[in-house]
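Descriptive analysis of the structure
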Amino acid sequence: SLVLLDVSVDQIMSNLKKRHAELQGKKQNDWLAWLPEEELLEKIREGKERKQRWTKIAQALGVATLELDASEELSVSERKVLDF
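Residues numbered from 1 in each chain as written. Predicted model: local features only at pLDDT ≥ 70, side-chain atom pairs only at ≥ 80, totals over all residues. Heavy atoms only, no water.

Structural notes on the overall build of the protein
Rule in force here: Only DSSP runs of H or I reaching four residues or more are called helices, and only runs of E reaching two or more are called strands; each is numbered from the N terminus. Exposure is judged per residue with a 1.4 Å probe applied to protein chains only, and the accessible area is read against the type maximum: over 50% gives exposed, under 20% gives buried, and values in between give partly exposed. In what follows, residue pairs with any heavy atoms lying within 4.5 Å of each other are defined as contacts. Lys and Arg are tallied as positive, Asp and Glu as negative. Neither His nor the chain termini are counted. The location of each charge is read from NZ of Lys, CZ of Arg, CG of Asp or CD of Glu.
When you go through the protein residue by residue, the secondary structure sums to four helices and two strands. When the elements of the protein are put in sequence order from the N terminus, they spell out β-α-α-α-β-α. Structurally, the protein occupies a C-alpha span of about 45 × 30 × 20 Å along its principal axes. Across the 84 residues that make up the protein, the buried fraction comes to 20%. At a minimum sequence separation of 6, the contacts of the protein that also span at least 24 residues come to 53%. The average position of the 14 basic charges and that of the 16 acidic charges among the side chains of the protein differ by 4 Å.

Concerning the pattern of salt bridges
Side-chain pairs of opposite charge can arise whenever the charged atoms involved come near each other. Rule in force here: Salt bridges are defined by distance alone: a side-chain nitrogen of Lys or Arg within 4 Å of a carboxyl oxygen of Asp or Glu.
Following the criterion strictly, the structure yields four salt bridges and no others. Between E67 and K51 there is a salt bridge, with the nearest N and O atoms lying 2.8 Å from each other. Here E67 is found in strand β2 (residues 65-69), whereas its partner K51 is found in helix α3 (residues 37-60), with 16 residues between them in sequence. Its relative accessible area of 34% is what places E67 among the partly exposed residues. For K80, the salt bridge identified is with E72, shortest N-O distance 2.6 Å.

Here we look at the confidence of the model for the protein
Segments scoring low in pLDDT should not have their predicted coordinates read at a detailed level. Under the convention used in this document: The predictor reports its confidence for every residue as pLDDT, a score running from 0 up to 100.
Mean pLDDT for the protein: 90, with 98% of residues reaching 70 or above. When pLDDT is averaged over each element of the protein, α3 comes out on top at 95 and helix α2 (residues 31-34) at the bottom at 85.

Overview of a negative patch on the surface
To keep it simple, the criterion reads: Exposure above 30% relative accessible area and the lack of any salt bridge qualify a residue for a patch; like charges then connect within 9 Å, and the nonpolar side chains Val, Leu, Ile, Met, Phe, Trp and Tyr within 5 Å. Values of accessible area rely on a 1.4 Å probe in the Shrake-Rupley scheme; residue burial ignores everything except the protein chains shown.
On the surface, E38, E42, E46 and E49 cluster together into a patch of negative charge. Following the sequence through the fold, E38 ends up in helix α3.

Listed below in structure tokens is the structure:
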């Protein structure tokens, strides 16, 4: 079985902007300090596309998959996992 946790590109960018404001400088995990926003958006989109391709491959091989949305309430995700 494969359980995947997903989040929107907008939510990822919001979290990265918040971290960038808090760190106020080039820290190793401050992506916005190292990459222009458009380039970072493209990298995030590419990563999400790769995840989708690998998910489809796993499903084609018969692996049971469950995708959870990180923005959902915890109780909703817990119910989905228990039903899975």
